[in-house]
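Fold and geometry: a report
Each chain is listed here by its residues.
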Amino acid sequence: PNENAQKYYKKYSKLKHANNLLLEQIPETMDEISYLGNVLLSIDNATEINELDEIKDELIKEGYLKDRSKKKKKTKERISAPQHYLSSDGFNIYVGKNNRQNDNLTLKIAHKDDIWLHVQNMPGSHVIIKTIGKEVPFSTLEEAAILASYFSRGKNSNHVPVDYTTKKFVKKPN
C-alpha cells in the first residue's frame, strides 16, 4: 500500500506541474497563432515580390525561418509603400498590407489627427485616412472601413466590425 500511495502521489505531482506549465503556455501559443494568422493574411494580400521579401525578413527576424542568404545585409532595409486609394470625396486613404507596412504607416506616415481604422478582433491591415485638417465625411469613412474589412481575414464575411479613431490614440503594444 505504501508503494502504491507513493506511485499515485508521484503521478499527481507530475500532473500538477504539467498543468501549471500549460497554463503559462496556452496564452503564448494563442498569441503565436494570432501572429501567424496575420502573416498568412499578409501573404494573401501581397501583390509585389518585395512585399513577400519583407514578410520573409520578418519571419527570419522572429526565428520562424533560417537565414540562408550568403551575404550580410548592411544597407538599410527598404520598406515597400502601402497601397494608396482616393476616396470619392478626395481624401487620401492608405492601406498597409503586412506588419512592416502597418507599423510604418501608423507610426511614421500618419499624423496625429489622421483617422486610423482596423477590423475588430482579427488580423487585418491598418488603414489611414489623411485628414489634412478637414472634417472627414461619412462616405469616406465608410469607404475606408470597406478597405479595412477587405484586407482582413473577414473579407468574405457579410458583416465585419471595424474600429476607428484618430491616430493620436493608437499605441503599439510590446
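Use the structure listed above.
Just so we're clear, the structure is a prediction, and the values are computed from it rather than from any experiment. (Residues numbered from 1 in each chain as written. Predicted model: local features only at pLDDT ≥ 70, side-chain atom pairs only at ≥ 80, totals over all residues. Heavy atoms only, no water.)

**With respect to the pattern of salt bridges**
Counting across every chain of the model gives four salt bridges. Close ionic contact of Glu51 with Lys97 constitutes a salt bridge, the shortest N to O distance being 3.0 Å. Remark: Lys97 occurs in the loop between β2 (92-95) and α3 (99-109) and Glu51 occurs in helix α2 (residues 49-62); sequence separation between them is 46 residues. Each member of the pair, Glu51 together with Lys97, is buried. Here Asp57 ties to Arg100 by a salt bridge, and the two come within 4.0 Å at their closest N and O atoms. Placement of Asp57 in helix α2 and of Arg100 in helix α3 is noted, with a sequence separation of 43 residues between them. (Salt bridge = Lys/Arg side-chain N within 4 Å of Asp/Glu carboxyl O. Helix = DSSP H or I, 4+ residues; strand = E, 2+ residues; numbered from the N terminus. Buried < 20%, exposed > 50% of the residue type's maximum accessible area, 1.4 Å probe, protein only.)

**Comments concerning a negative patch on the surface**
Taken together, the side chains of Glu24, Glu28, Asp31 and Glu32 present a region of like negative charge at the surface. Given a relative accessible area of 53%, Glu28 falls into the exposed group. (Patch = residues over 30% accessible without salt bridge, like charges linked within 9 Å, V, L, I, M, F, W, Y side chains within 5 Å. Areas by Shrake-Rupley, 256 points an atom, 1.4 Å probe, with all protein chains shown as cover. Lys, Arg positive; Asp, Glu negative; His and termini not counted. Charge placed at Lys NZ, Arg CZ, Asp CG, Glu CD.)

**So, the environment of Ile55**
In this structure, Ile55 sits in helix α2. The class of Ile55 is buried, set by a relative accessible area of 4%. Between the alpha carbons of Ile55 and Val127 there is a distance of 19 Å; along the sequence they are 72 residues apart. Once residues within four sequence positions are removed from consideration, Ile55 is found in contact with Val39, Ser42, Ile43 and Asn98. (Contact = heavy atoms within 4.5 Å.)

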